[in-house]
Amino acid sequence: MRVSLLLPMAALLSTTAAVAQTAPAAPDISVQTLRDVTKTLSSDDFGGRKPGTPDETKTIDYIVQRFKAAGLQPGNHGSWFQDVPVVQITAKNLTPLTITGGKTPLSLDYRKDMVVATYRVTPRIDIKNSDIVFVGYGIDAPERGWNDYAGVDVKGKTVIILVNDPDWQSSDLKGPFEGKAMTYYGRWTYKYEEAARQGAAAAIIVHQTAPAAYGWGVVQSSWTGPQQELDVKGDHMDQSQAIGWMQKDDAEKLFATAGKDFATMEAAAGKKGFHAVPLGLKASVSFDNDIARMKSHNVIGILPGTKRPDETVFYTAHWDHLGHCDPVDGDGICNGARDNASGVAGLVALAEAQAKAGPAARTLAFMSVTDEEAGLLGSEYYAEHPIFPLSKMVGGVNMDVLNTDGATKDFVITGYGKSELEDLVKPLAAAQGRVVEPEPDPERGGYFRSDHFSFAKLGVPMLDGGSGEDLVNGGTAAGHAATLDYIEHRYHKPQDEYNPDWDWSGAVQDLQLYYELGRELADGNAWPNWYQGTEFRAIRDKSRAGVATNE
Ligand SMILES: [Zn+2]
């Protein structure tokens, strides 16, 4: 076990009495806890932790048991749980997606060539001869002077959309959509939201591995089988009837049968002033839906604040994963050891360390949210139905996939340059002898892909980051190889399994930093905001305005 000291140099040089008075001991993050919780939650016994199954019960009971043992109190008015209403839709009797009206008719097979699903809670989806329109990146961003839907009516039509945003191939961060960094306009969630606002009957994204940041296998495994969303009034009938993806080579065939060249059209879509192009083709697809309503659960434990208990500092980590999934080498359980049994283990280890140190002035909350994999559902539900007011939520840290490759010389912030939390993180990282870096691959859109984003959308800054790739043993070459190995061979696959040989020293560094950050926020008076000019600042200012502050 490798534990780095976080004591400031001054404290190291002072007397024992002064240390006791001014500087807390370096937080003791238990590697045994990290190992035990990760190993337990990712064992086959927990079935891959799919929400709404008996594996959920087993999972959340285990987390409560660990929270209790750590010394937390129930966080929801005496309960450890927040009910999250979820509706699960399972498509069946799917027809191929047929494309007619071109030189040759095309028939795209479910799973192999395309996937389709629906947000609408309705027993049957039937799309017949719907006109196909290529809408480029499918973006309407008035503040950036960009509208792919300008002058075209796509009501009742099928739109074909490119993944990511127009300047994703840039080498720097300059451009109408922040260069190679993915903006929210590049996320698939946005693309379906916009297509629905435009009244499209169906929205199909063209999959490409580089700009999507994951392969077709991830699309297959996450878009087939039961799909979950929040169970809301109106049953999501304002959404498009069908949403989905198609493989790039099928998109090339589709464009060819319309007498167009995919690469040419793709290049045109990346230029300002692009206009959507009706392809003169028609799409048909139908399927039936099995509908099941259920409750899943966020788990929340707290250390109530001694002075300002209504002001909260949060640690979050999603407990759910994919459950039973497509078998690889005969293994059909997606155990999600790093994603995100490791994050829950970090949450428990932080709870133990913070409880041991005693309560702070503000409340420290530890929340393991559900249904992250289905689209950040548990965190979205909490953010929209907060137990503690969001206007008094100071900020916090989200953990999704801990480092198991060893100690690093760098700490990477996802979505770097957004919030004042970074000003607090930098000295903490420096005290560990680490440098803070922006994410190396902002084109992957990591900032929009975990639970901190649910809070950011409502103005609350949450840190999402972790060890970089510059390993103390092996440097960036070894670190980068480890990242690639995880993304290609394990991420969202049955091979994301517990490994007793993992080196937890990097995770311990990160958790010590999160411990210190949480302490500083919980014992202080700061209200970290978003930097000027970032997309969430106005929301935070509005939320904080008028709150009677105790500073
Ligand atoms: Zn995750």
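Being a predicted model, the structure only gives us computed values, none of them experimental.

Reading guide: rules and limits
Residues numbered from 1 in each chain as written. Predicted model: local features only at pLDDT ≥ 70, side-chain atom pairs only at ≥ 80, totals over all residues. Heavy atoms only, no water. Helix = DSSP H or I, 4+ residues; strand = E, 2+ residues; numbered from the N terminus. Rg over C-alpha atoms; globule rule 2.2 N^0.38 Å. Buried < 20%, exposed > 50% of the residue type's maximum accessible area, 1.4 Å probe, protein only. Areas by Shrake-Rupley, 256 points an atom, 1.4 Å probe, with all protein chains shown as cover. Lys, Arg positive; Asp, Glu negative; His and termini not counted. Charge placed at Lys NZ, Arg CZ, Asp CG, Glu CD. Domains from an automatic or database assignment. Contact = heavy atoms within 4.5 Å. Salt bridge = Lys/Arg side-chain N within 4 Å of Asp/Glu carboxyl O. Nonpolar A, V, L, I, M, F, W, Y, C, P; charged D, E, K, R; others polar. Donors = N, O, S within 2.8 Å, 3.2 Å for Na, K, Ca; no water. Tetrahedral: all angles 85-135°; square planar, octahedral: opposite > 155°, others 65-115°. Arc of directions from axis to C-beta. Phe/Tyr/Trp six-rings, centres within 6.5 Å; stacked < 30°, edge-to-face > 60°.

Asks: Would you take a moment to explain the overall build of the chain for this structure?
Replies: The secondary structure content of the chain amounts to 16 helices and 21 strands. Here the C-alpha atoms of the chain give a radius of gyration of 24 Å, agreeing with the 24 Å that 2.2 N^0.38 yields for 551 residues. Taken along the three principal axes of its C-alpha coordinates, the chain extends 85 × 50 × 45 Å. Relative to its 551 residues, the chain shows a buried fraction of 58%. Accessible surface computed for the chain: about 21200 Å², of which carbon and sulfur atoms make up 53%. Each charge class in the chain can be summarised by its mean position, and for the 52 positive and 73 negative side chains these summaries are 3 Å apart.

Asks: I would appreciate a short explanation of the domain arrangement of the chain in the present structure.
Replies: Under the domain assignment, the chain is made up of domain 1 (29-86 + 294-544) and domain 2 (89-291). The distance between the C-alpha centroids of domain 1 and domain 2 comes to 31 Å. Across the contact, 22 residues belong to domain 1 and 20 residues belong to domain 2. At the boundary of domain 1 with domain 2, the tally comes to 1 salt bridge. Its salt-bridge partner being R111, residue D326 comes within 2.5 Å of it at the nearest N-O pair. Where the side of domain 1 that touches domain 2 is concerned, the elements lending two or more residues are β2 (81-92) and α11 (377-384). In terms of residue class, the side of domain 1 that touches domain 2 is made up of 13 nonpolar, 2 polar and 7 charged.

Asks: What should I look at first to understand the pattern of salt bridges in this one?
Replies: Two side chains carrying opposite charge are able to pair once their charged atoms lie near each other. Counted according to the given criterion, the structure contains 25 salt bridges. Notably, a salt bridge pairs R362 with E311, separated by 2.7 Å at the nearest N-O pair. Of the two residues, R362 sits in strand β17 (residues 362-369) while E311 sits in strand β14 (residues 308-318), which places them 51 residues apart along the sequence. For the pair R362 and E311, a shared accessibility class is recorded, and that class is buried. Among the ionic pairs, R519 bridges to D523, the shortest N-O distance being 3.8 Å. Separated by 4 residues within a single helix, R519 and D523 lie in helix α15 (residues 505-523), roughly one turn from each other. For R519, a relative accessible area of 11% gives the class buried.

Asks: Sorry, what's going on with the coordination of the zinc ion here?
Replies: Protein ligation of the zinc ion involves H318 (NE2), D339 (OD), D400 (OD) and D400 (OD), the donor distances falling in the range 2.0 to 2.6 Å. Coordination geometry of the zinc ion: the 4 donor atoms subtend angles of 55 to 151 degrees at the metal centre, consistent with an arrangement described as irregular. Between consecutive donors of the zinc ion, the numbers of intervening residues give the motif H-x20-D-x60-D. Here D400 lies in the loop between β18 (393-398) and β19 (410-413) and D339 lies in helix α10 (residues 337-357), a separation of 61 residues in the sequence. By relative accessible area, D339 is classed as buried at 2%.

Asks: Would you explain unusual backbone geometry in this entry?
Replies: What is expected of a backbone is that most residues other than glycine have negative phi and most peptide bonds are trans. Between D339 and the following residue, N340, the backbone shows a cis peptide bond with an omega angle of 5 degrees. Structurally, N340 is set in helix α10. Even without a glycine there, the phi angle at R111 is positive, about 75 degrees. As for its position among the elements, R111 is in the loop between β4 (106-108) and β5 (114-117). Positioned with a positive phi, V401 is a non-glycine residue whose angle comes to about 75 degrees.

Asks: Just to check I follow, could you spell out helix α8 (residues 248-257) for this structure?
Replies: Count 3.6 residues to each turn of an α-helix, and residues three or four apart come out pointing the same way. Those residues of α8 lying buried are D250, A251, L254, F255 and T257. Looking straight down α8, one finds that the buried residues subtend no more than 165 degrees of arc, so they occupy a single side. Positioned one or two residues after α8, G259 has a phi angle of 80 degrees, which is positive.

Asks: Whenever I open this one, the packing of aromatic side chains confuses me. Can you help?
Replies: Centre distance and the angle of the planes are the two values used to describe a pair of aromatic rings. Summed over the entire model, instances satisfying the criterion amount to 30 aromatic pairs. Centre to centre, the rings of W223 and W245 are 6.4 Å apart; their planes meet at 75 degrees, and the pair counts as edge-to-face. Of the two residues, W223 is situated in helix α7 (residues 216-223) and W245 in strand β12 (residues 242-247); the sequence distance between them amounts to 22 residues. Here the two residues W223 and W245 agree in accessibility, since each one is buried. On the numbers, 6.2 Å between centres and 65 degrees between planes, the contact of Y486 with Y491 is edge-to-face.

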